[in-house]
Amino acid sequence: MLHVEKKSTLTTWLQAVNGQLQARRIETQSLTRPKRNRERERARREARILFSQFYAEQAMGLAN
């Protein structure tokens, strides 16, 4: 009998979680996304490359 209660409790819990996830999906689908700022994305990408080069050069300097 205990096994049946655990199974129904787990089923109820999973249904509640799935309901919450479905509600969140519907909520996020209804929101409009802001337009992409491609210039900012490009600048961030370049900055990441420059920082990685800088840290690589620093590491080489410390290794010598």
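Structural data are supplied above this passage.
Right, let's walk through the structure included here. (Residues numbered from 1 in each chain as written. Predicted model: local features only at pLDDT ≥ 70, side-chain atom pairs only at ≥ 80, totals over all residues. Heavy atoms only, no water.)

## Some details on the overall build of the chain
What counts here: Helix and strand assignments follow DSSP, with helices taken as H or I runs no shorter than four residues and strands as E runs no shorter than two, numbered in order from the N terminus. Radius of gyration means the value over C-alpha atoms here, while the globule rule gives 2.2 Å times the residue count to the 0.38 power. Note on exposure labels: buried denotes an accessible area under 20% of the residue type's maximum, exposed denotes more than 50%, and partly exposed covers the range between, all computed with a 1.4 Å probe on protein chains only. Under the convention used here, a 1.4 Å probe and the Shrake-Rupley method define accessible areas, while residue burial counts only the protein chains that appear. The sign given to each residue is positive for Lys and Arg and negative for Asp and Glu; His and the chain ends receive no count. Working definition for charges: the position is that of NZ of Lys, CZ of Arg, CG of Asp or CD of Glu.
Along its length, the chain carries two helices and zero strands. Against the compact-globule benchmark of 11 Å for 64 residues, the chain has a radius of gyration of 25 Å, which places it well outside the compact range. Considered along the principal axes of its C-alpha atoms, the chain spans approximately 70 × 40 × 5 Å. A buried classification covers 0% of the 64 residues belonging to the chain. A total accessible area of about 6,700 Å² is found for the chain, and carbon and sulfur atoms account for 59% of it. Each charge class in the chain can be summarised by its mean position, and for the 13 positive and 6 negative side chains these summaries are 6 Å apart.

## Observations regarding the pattern of salt bridges
Side chains bearing opposite charge may pair, as long as their charged atoms lie close to each other. In plain terms, the rule: By salt bridge we mean one thing: a side-chain nitrogen of Lys or Arg within 4 Å of a carboxyl oxygen of Asp or Glu.
Under the criterion given, the structure shown has three salt bridges. A salt bridge links arginine 36 to glutamate 41, with the shortest nitrogen-to-oxygen separation between them at 2.7 Å. Where arginine 42 meets glutamate 39, a salt bridge forms, and the shortest distance between an N and an O atom there is 2.2 Å. With arginine 42 and glutamate 39 both in helix α2 (residues 38-63) and three residues apart, the pair spans about one turn of that helix. Look at arginine 42 and you get partly exposed, because its relative accessible area is 32%. When salt bridges with common partners are traced through the structure, they connect Glu39, Arg42 and Glu46 into a single cluster.

## Things to note about the packing of aromatic side chains
The description of two aromatic rings rests on the distance between their centres and on the angle between their planes. Selection rule: When the centres of two rings from Phe, Tyr and Trp lie within 6.5 Å, Trp using its six-membered ring, the rings pair. Their planes under 30 degrees apart give stacked, over 60 give edge-to-face, and anything left gives tilted.
Following the criterion strictly, the structure yields two aromatic pairs and no others. Between the aromatic rings of phenylalanine 51 and tyrosine 55, the centroid separation amounts to 6.2 Å while the plane-to-plane angle is 25 degrees, which identifies the pairing as stacked. Taken together, the residues span about one helical turn, with phenylalanine 51 and tyrosine 55 both in helix α2 at a distance of four residues. A network of ring pairs unites the aromatic residues Phe51, Phe54 and Tyr55 as a single cluster.

Purely geometric numbers; function is a separate question.
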